[in-house]
Amino acid sequence: MNELNLTVSSSPHIRAKHSTASIMQNVIIALLPALAVAGYVFGVWALALVAICIISSVVTEAVIQKLLKKPITINDWSAVVTGVLLAFNLPVNAPWWIAVIGSVFAIAIVKQCFGGLGQNFINPALAARAFLLASWPGHMTSTAFIPLSDTVTTATPLALLKAGDLANMPSTFDLFTGLNITGCIGEISALALLLGGLYLIYKGIISWRIPFIYIATVGIFALLLGQDPLVHIASGGLMLGAFFMATDYASSPITVKGQIAYAIGCGLITMIIRQYGGYPEGVSYSILLMNVATPLIERFTKERIYGVAKKKKEVKA
């Protein structure tokens, strides 16, 4: 008689096919088209800034985990992703030390101080960008966006739109392809970012809800204001933020209703800042604000646990 041996173990009993490392590696693959466009448009220094951010992020994570006597987890690729995303949010003329300081802040303060991967309540790369923008605005705005080979002062499409200079606005083709566009390293090509985002959706890494509802909200708001929605969608960091940063697992809602509310909030705040704020771009701050609101969103959108009855209201005598 054959005996059947059963293995008894603790949960989870159903495991996903993705690991942390494979998820992060897929994100890197999805970012490669935008990286290629950045290298083509901005040149070698753009690629050098990406490398500096990656190395600084990985080294910072290893050093802090070593000091805290924690397992060193740099092989999960999460620090690499943070480094690439931070570099994508830097202007091409940013000095090397800006990249180093931003990377250290993203990993040491925003990520490791709150417990490491999965414990950060806001996106590390965006938090670092906000820190750098507040600390060294001259290196993060204005002429910092001018390519090194360009001798003519140019402005980003959103800055032109903010100033009402529609005559010098790039064509829709240029906005989507990233050719002849000034902006942060990784945000200039909407097409490359869209391809990367669709790849992540196809692989099941992210859900379609947050990026597409976020983008649709921006487009609808632009229409209501009588502006070209394609310009708002293809300009600035919307595509980069919608697909690669607003969808961060640790700082975005997990419920369906929560993701919808979160994405709409990101879109509304983005357009409010773009239209009525003093800064032409609102993607970074909108995502950070909605990151902070995520626990509250999930509190009001969480599903009722199966088998648990609703609480009855007490009747006062």
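Residues numbered from 1 in each chain as written. Predicted model: local features only at pLDDT ≥ 70, side-chain atom pairs only at ≥ 80, totals over all residues. Heavy atoms only, no water.

Secondary structure assignment for the chain yields 14 helices and zero strands. Its helices and strands taken in sequence order, the chain reads α-α-α-α-α-α-α-α-α-α-α-α-α-α from the N to the C terminus. Across the 317 residues that make up the chain, the buried fraction comes to 49%. Partitioning the contacts of the chain with sequence separation of at least 6, the portion at a separation of at least 24 is 74%. Split by element, the accessible area of the chain, about 16600 Å² in all, is 66% carbon and sulfur. (Helix = DSSP H or I, 4+ residues; strand = E, 2+ residues; numbered from the N terminus. Buried < 20%, exposed > 50% of the residue type's maximum accessible area, 1.4 Å probe, protein only. Contact = heavy atoms within 4.5 Å. Areas by Shrake-Rupley, 256 points an atom, 1.4 Å probe, with all protein chains shown as cover.)

For helix 4 (residues 96-111), spanning 16 residues, the distance from its first C-alpha to its last is 22 Å, which sits close to the expected 22 Å at 1.5 Å a residue. Listed in full, the buried residues belonging to helix 4 are Ile98, Ala99, Gly102, Ser103, Ala106, Ile107, Ala108, Val110 and Lys111. (Expected span 1.5 Å × (residues − 1).)

So, on to the nonpolar core. Ranked by size, the top nonpolar core spans 84 residues in total, and within it Tyr214, Phe244 and Ile287 carry the most contacts. A total of ten residues in this core trace back to one element, the largest contributor, which is helix 1 (residues 20-42). In this view, isoleucine 287 contacts Leu126, Tyr214, Gly241, Met245, Ala246, Tyr262 and Cys266; residues no more than four positions away in its chain are not counted. (Core = buried A, V, L, I, M, F, W, Y, C linked by side-chain atoms within 4.5 Å.)

Applying the stated criterion to the full structure yields six aromatic pairs. Where phenylalanine 114 meets phenylalanine 121, the ring centres are 5.0 Å apart and the plane angle is 75 degrees; that geometry is what we call edge-to-face. The class for phenylalanine 114 is partly exposed, based on a relative accessible area of 42%. For phenylalanine 121, a relative accessible area of 37% corresponds to the partly exposed category. One aromatic cluster in this structure is built from Trp97, Phe105, Phe131 and Trp136. (Phe/Tyr/Trp six-rings, centres within 6.5 Å; stacked < 30°, edge-to-face > 60°.)

Right, let's get into helix 2 (residues 44-67). The end-to-end C-alpha separation of helix 2 is 34 Å, in line with the 34 Å expected for 24 residues at 1.5 Å each. Among all positions in helix 2, only Ala46, Leu49, Val50, Cys53, Ser56, Ser57, Val58, Thr60, Glu61, Ala62, Ile64 and Gln65 are buried. Structurally, helix 2 contributes buried residues whose contacts are with helix 1, helix 3 (78-88) and helix 4. Looking one or two places after helix 2, you find lysine 69, whose phi comes out positive at around 55 degrees.

Turning to the UniProt feature "transmembrane region" (unreviewed entry) in the chain, a few remarks are in order. Mapped onto this structure's residue numbering, the UniProt feature "transmembrane region" (unreviewed entry) falls at residues 27-60, 96-114, 126-148, 179-201, 208-224 and 230-247. Helix and strand shares over residues 27-60 are 97% and 0% respectively, and the end C-alpha atoms of the span are 21 Å apart. Across residues 230-247 one finds 72% helix and 0% strand; the C-alpha atoms that close the span lie 22 Å apart. (UniProt positions renumbered as here; feature names shortened; annotations may be inferred.)

Before going further, it helps to spend a moment on the environment of alanine 38. Inspection of the secondary structure puts alanine 38 in helix 1. Sequence separation between alanine 38 and cysteine 184 is 146 residues, and the spatial gap between their C-alpha atoms is 9.0 Å. The residues touching alanine 38, leaving out its near neighbours within four places in the chain, are Gly43, Ala46 and Ile185.

Moving on, we get to the UniProt feature "modified residue: FMN phosphoryl threonine" (unreviewed entry) in the chain. In this structure's numbering, the residues bearing the UniProt feature "modified residue: FMN phosphoryl threonine" (unreviewed entry) are Thr156. Owing to a relative accessible area of 14%, threonine 156 belongs among the buried residues under this scheme.

A separate point is the pattern of salt bridges. As a working rule, side chains carrying opposite charge can pair if their charged atoms are close by. Counted under the stated rule, the structure contains two salt bridges. For the salt bridge of arginine 274 with glutamate 281, the shortest nitrogen-to-oxygen distance reads 3.0 Å. By the burial criterion, arginine 274 is buried, and glutamate 281 matches it. (Salt bridge = Lys/Arg side-chain N within 4 Å of Asp/Glu carboxyl O.)

Right, let's talk about the side chain of asparagine 89 for a bit. Tracing the backbone through its elements, the reader meets asparagine 89 in the loop between helix 3 and helix 4. Looking at asparagine 89, the relative accessible area reads 4%, which means it is buried. There is a polar contact of 2.7 Å between the side chain of asparagine 89 and the backbone oxygen of leucine 85. Aside from chain neighbours lying at most four places away, what touches asparagine 89 is Leu126, Arg129, Met140, Cys184, Leu240, Met245 and Ser284. (Polar contact = N/O pair within 3.5 Å; in protein donor to acceptor, adjacent residues only side chain to side chain.)

Bringing the packing of helix 1 against helix 2 into the picture now. The N-to-C vectors of helix 1 and helix 2 enclose an angle of 135 degrees; their axes lie 6 Å apart at closest approach. The orientation of helix 1 relative to helix 2 falls into the category oblique. Contacts between helix 1 and helix 2 involve Leu35, Ala38, Gly39 and Phe42 on the former and, on the latter, Val44, Ala46, Leu47 and Val50. Tallied by class, residues from the contact of helix 1 with helix 2 come to seven nonpolar, one polar and no charged. (Axes fitted to C-alpha atoms, helices over the stretch in contact; angles between N-to-C directions. Parallel < 35°, antiparallel > 145°, perpendicular 65-115°, else oblique. Nonpolar A, V, L, I, M, F, W, Y, C, P; charged D, E, K, R; others polar.)

This part covers unusual backbone geometry. Here lysine 69, not a glycine, exhibits a phi torsion of approximately 55 degrees, which is positive. Within the secondary structure layout, lysine 69 lies in the loop between helix 2 and helix 3. In this structure lysine 69 comes out as exposed when scored by relative accessible area, which is 78%.

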